[in-house]
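Commentary on secondary and tertiary structure
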Amino acid sequence: KQWYQRRVRGNKAFRVLGERIVEKSQGWIDGALPDELKGAVIELKAYFDESFGSYIRVDYGTGHEINFLAFCCCLFKIGYFSPSDYIPTVFFLFREYLVLMRKIQMWYRLEPAGSHGVWGLDDYQFLPFIFGSAQFLGNPIISPEQFVHPEIVAKYCEDYMFLECIKFINEVKTGPFAEHSNQLWSISGVATWTKVNGGLIKMYKAEVLAKHPVIQHFVFGSLLSFNPR
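The following refers to the structure shown.

Conventions used here
- Residues numbered from 1 in each chain as written.
- Predicted model: local features only at pLDDT ≥ 70, side-chain atom pairs only at ≥ 80, totals over all residues.
- Heavy atoms only, no water.
- Helix = DSSP H or I, 4+ residues; strand = E, 2+ residues; numbered from the N terminus.
- Rg over C-alpha atoms; globule rule 2.2 N^0.38 Å.
- Buried < 20%, exposed > 50% of the residue type's maximum accessible area, 1.4 Å probe, protein only.
- Contact = heavy atoms within 4.5 Å.
- Areas by Shrake-Rupley, 256 points an atom, 1.4 Å probe, with all protein chains shown as cover.
- Lys, Arg positive; Asp, Glu negative; His and termini not counted.
- Charge placed at Lys NZ, Arg CZ, Asp CG, Glu CD.
- Patch = residues over 30% accessible without salt bridge, like charges linked within 9 Å, V, L, I, M, F, W, Y side chains within 5 Å.
- Salt bridge = Lys/Arg side-chain N within 4 Å of Asp/Glu carboxyl O.
- Phe/Tyr/Trp six-rings, centres within 6.5 Å; stacked < 30°, edge-to-face > 60°.
- Axes fitted to C-alpha atoms, helices over the stretch in contact; angles between N-to-C directions.
- Parallel < 35°, antiparallel > 145°, perpendicular 65-115°, else oblique.
- Left-handed = near helix turned anticlockwise from the far one by under 90°.
- Nonpolar A, V, L, I, M, F, W, Y, C, P; charged D, E, K, R; others polar.

Right, let's get into the overall build of the protein chain. Counting its secondary structure elements, the protein chain contains twelve helices and two strands. Its helices and strands in sequence order give the protein chain the pattern α-α-α-β-α-α-β-α-α-α-α-α-α-α, from N to C terminus. Radius of gyration (C-alpha) of the protein chain: 18 Å, near the 17 Å computed for a compact globule of 229 residues. Dimensions of the protein chain, computed from C-alpha atoms along their principal axes, come out at roughly 50 × 45 × 35 Å. In the protein chain, which comprises 229 residues, the proportion classed as buried is 46%. Of the contacts formed within the protein chain by residues at least 6 apart in sequence, a portion of 67% connects residues at least 24 apart. When the accessible surface of the protein chain is summed, it comes to about 12,400 Å², and 57% of that surface belongs to carbon and sulfur atoms. Both charge centroids of the protein chain, one from 24 positive and one from 23 negative side chains, sit 4 Å from each other.

Turning our attention to a nonpolar patch on the surface. A surface patch of nonpolar side chains, about 330 Å² in accessible area, is lined by Tyr 86, Ile 87 and Phe 91. Here Ile 87 shows up in helix H5 (residues 86-107).

Note that Thr 194 resides in helix H11 (residues 193-209). Assessed through its relative accessible area of 57%, Thr 194 is described here as exposed. Along the primary structure Thr 194 and Leu 33 are separated by 161 residues, whereas in three dimensions their C-alpha atoms are 37 Å apart.

Let's shift gears to the packing of aromatic side chains. Within this structure, the stated rule accounts for 27 aromatic pairs. Seen from their ring centres, Phe 48 and Phe 52 are 5.1 Å apart, and the 70° between their planes marks the pair as edge-to-face. Here Phe 48 falls in the buried class, since its relative accessible area comes to 14%. Assessed through its relative accessible area of 6%, Phe 52 is described here as buried. A ring pair is formed by Phe 136 and Trp 193, whose centres lie 4.3 Å apart and whose planes are at 20°; its orientation type is stacked. One end of the pair, Phe 136, is in the loop between helix H6 (127-135) and helix H7 (150-156); the other, Trp 193, is in helix H11, and 57 residues separate them in sequence. Comparing Phe 136 with Trp 193 shows no difference in burial state: the two are buried. Connected via pairs of aromatic rings, a cluster forms that spans Trp 28, Phe 48, Phe 52, Phe 68, Phe 71, Phe 94, Tyr 97 and Phe 131.

A word on the side chain of His 64. Topologically, His 64 is positioned in helix H4 (residues 62-77). Beyond its immediate sequence surroundings of up to four residues, His 64 is in contact with Glu 50, Ser 51, Gly 53, Ser 54, Arg 57, Asp 59, Tyr 97 and Ala 113.

Our next topic: H6. Of all nine residues in H6, seven are buried, a share of seventy percent or more. Those residues of H6 that fall on the buried side of the exposure criterion are Leu 127, Pro 128, Phe 129, Ile 130, Phe 131, Gly 132 and Ser 133. Tucked inside the fold, the buried residues of H6 contact H4, H5, helix H8 (161-172), helix H10 (182-187) and H11.

Inspection of the secondary structure assignment puts Pro 144 in the loop between H6 and H7. Along the sequence, Pro 144 and Val 90 sit 54 residues apart, while their C-alpha atoms lie 21 Å from each other. Residues in contact with Pro 144, not counting those within four places in the same chain, are Ile 187, Ser 188, Val 190, Ala 191, Thr 192, Trp 193 and Val 196.

This part covers the pattern of salt bridges. A side chain with one charge can pair with a side chain of the opposite charge if their charged atoms come near. Counted under the stated rule, the structure contains eight salt bridges. Here Asp 30 and Lys 38 are joined by a salt bridge, their closest N and O atoms 3.5 Å apart. When its relative accessible area of 30% is taken as the criterion, Asp 30 is described as partly exposed. For Lys 38, a relative accessible area of 26% puts it in the partly exposed group. Where Arg 57 meets Asp 59, a salt bridge forms, and the shortest distance between an N and an O atom there is 3.0 Å. When salt bridges that share partners are traced, they join Arg 95, Glu 96 and Glu 164 into one network.

The next point concerns the packing of H6 against H11. As a packed pair, H6 and H11 sit with axes 9 Å apart at the nearest point and diverge in direction by 155°. It follows that H6 is roughly antiparallel to H11 by the angle criterion. Remark: the crossing between H6 and H11 carries left-handed chirality. Of H11, the residues touching H6 (which contributes Leu 127, Phe 129, Ile 130, Ser 133 and Ala 134) are Trp 193, Val 196, Asn 197, Leu 200, Ile 201 and Tyr 204. Among the residues forming the contact of H6 with H11, the class breakdown is nine nonpolar, two polar and no charged.

This is the structure:
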């Protein structure tokens, strides 16, 4: 936290942050793992280091977001997390990562990766909308059409990840929501959260996982193998 609070204007400051992360991350991960799991440090570090953006291009997008997801997945694969940790991983660990990334994005004025954030729903992120829409499954209080209503966002944003994302968008963008967040505006017209969630998963597979510009830098190893098993 103290590194991004020392920010000065310009790209150089973010590159310094990146250098610190790459320099320190192995020690952080090694210190958190028990001895029997330390063999996974190198692969975990590869995903962790790529989770915060490109320190060369000074941008951030879904290709970096997926690396943090991979980092979390690997923690499950090595047995550091158990199935009982699924929900806390999303709504605590991933949410804390999301909050940190919003601060970094704003503090360093990171560019959206790709063509002006074309592969993210809010310029930068995609996954919190999948997780957040899943949180609404079976919810009788808020329908998809209501998430664009400012009063609903203000009342429930601390309880629902999806609405927290909308709140952030409203804070950093100006003008009609339908114009600056057209894809999300279209989603508000879907009848149920089940359809929203299923549609976002399909969209993620097609527009993120299947897009070479997004996935070209993703690394594979023994924990996340390129070969299907």
